[in-house]
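# Coordinate inspection notes
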Amino acid sequence: MRMELIQPFINAADAVFSESLDAPTKIVDLSMDEETYRRKGVAALILIKGDIEGRVILDLAPEVALKVASHLAGGAVQEGEQIARETVCELANMVIGNSVTLLNDQGFRFKVFPPEIHMNDQGLAGGAETEAMVICIETPCGAVYLNIAMQYLHRRRRERDSEPVLD
Amino acid sequence: MPQFAALFRKDNQPVRYLVVDDSVFARKNLIKMIEMFGGEVAGEAGDGLTAIAEFNRTKPDIVLMDITMPQMEGIEAVERIVRQHADARIVMVSSVGYQENILAALQKGAKHFVQKPVKPEVLYEILRYVLSDDPSAVNAPIALAGEHRS
């Protein structure tokens, strides 16, 4: 597991939640996982393909998603599956967008696929070859889980471009 | 909740906004901020094509435009709107803030860029700056959001 590929996602998640909720957040648990990921609440799965490849899962309990939604809306929101899905989807977009910005500015090029929201009880994409890092972030609204499996597929553009050309 | 001096057009009417984002949740969040700034929502759109139609229908003072959207992305929508309305004031609002995206949007005619999650005080300053190409707006007396001048 390459920490330089994982760190931008952790930093982005930390920044997105602390800025969105106007309160400090804390990483309370960090572990490696080789099993198929078991969802804890409403999960957004985002696939990345290109110079780096893998997937990121952002996972929140429905009640945590509703608390976040209420905070962002500036008042109580109506409980429901749709608002939980919308909230997790937008949070995932923000986390991925911010981390992609960091990785892109480092010279990596890749495609990010739109978040797939999972609310059923099945496990999410993963396998024996997929070593993932699971991070639990404590926020004022409750725990948020981030599961990241990422690997290099190609060298970044900057390294390719600087390589001397041999005749 | 911070208080903001309301932003007005030169005819003393509230600034009218078109909010473009495929996430209803994100649109609600931006609309909440617009109300904090004393603005009015002229229209909403969830994709670039609808944004163009809504722009032509509502003629907003400011467009808040997401980048990644279905059917037509925000940067293409900016290009098409600015081609028809050279004076359109469009602020890109996206979680993807890498340099290529920002430059592409500015080259197509966007006035500014703000990265999600949007902080009200950051968006407010950007809107003030974008509206400042109208000299009478800069010199106009300020009032708290929610108040209307007579």
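Residues numbered from 1 in each chain as written. Chains lettered and ligands numbered in written order. Predicted model: local features only at pLDDT ≥ 70, side-chain atom pairs only at ≥ 80, totals over all residues. Heavy atoms only, no water.

Here the focus is the sheet that holds strand β3 (residues 40–45) of chain B. Residues and elements named next belong to chain B. Across the sheet, 5 strands lie side by side as β3-β2-β4-β5-β6; this open sheet has parallel pairing. Of all the strands in the sheet, the pair left with one neighbour each is β3 and β6 (112–115). Direction aside, the axes of adjacent strands within the sheet are offset by 20° on average. Taken together, the 5 bridges between strand β2 (residues 16–20) and β3 define a ladder with parallel strand orientation. Residue pairing across strands places leucine 18 opposite glycine 43, the latter belonging to β3. (Pairing = 2+ DSSP bridges. Helix = DSSP H or I, 4+ residues; strand = E, 2+ residues; numbered from the N terminus. Axes fitted to C-alpha atoms, helices over the stretch in contact; angles between N-to-C directions.)

Attention shifts here to the pairing of strand β5 (residues 90–94) of chain B. Residue and element names in this part refer to chain B. In terms of burial, β5 is largely enclosed, as 5 of its 5 residues are buried. Burial along β5 is two-sided: the residues Ile90, Met92 and Ser94 and Val91 and Val93 are all buried. Each parallel crossover has a hand, and for strand β4 (residues 62–65) linked through helix α3 (residues 74–84) to β5 it is right-handed. The handedness of the β5 to β6 crossover, carried by helix α4 (residues 99–108), is right-handed. (Buried < 20%, exposed > 50% of the residue type's maximum accessible area, 1.4 Å probe, protein only. Right-handed = clockwise from strand over helix to strand, strands pointing away.)

This part is about the interface of chain A and chain B. Note: interface size is frequently given as the accessible area lost on complex formation between the parts. Across the boundary between the two partners, chain A contributes 23 residues, which contact 16 residues of chain B. Taking both sides of the interface into account, the surface hidden between chain A and chain B amounts to around 1,600 Å²; carbon and sulfur atoms contribute 54%. On the chain A side of the contact with chain B, Leu72, Glu86 and Glu90 of chain A bury the most area, a combined 31% of that side's loss. Joining chain A to chain B, the criterion identifies 3 salt bridges. Across the pair arginine 109 of chain A and glutamate 100 of chain B runs a salt bridge whose closest N-O atoms are separated by 2.8 Å. (Contact = heavy atoms within 4.5 Å. Buried area = accessible area lost by both parts, 1.4 Å probe. Salt bridge = Lys/Arg side-chain N within 4 Å of Asp/Glu carboxyl O.)

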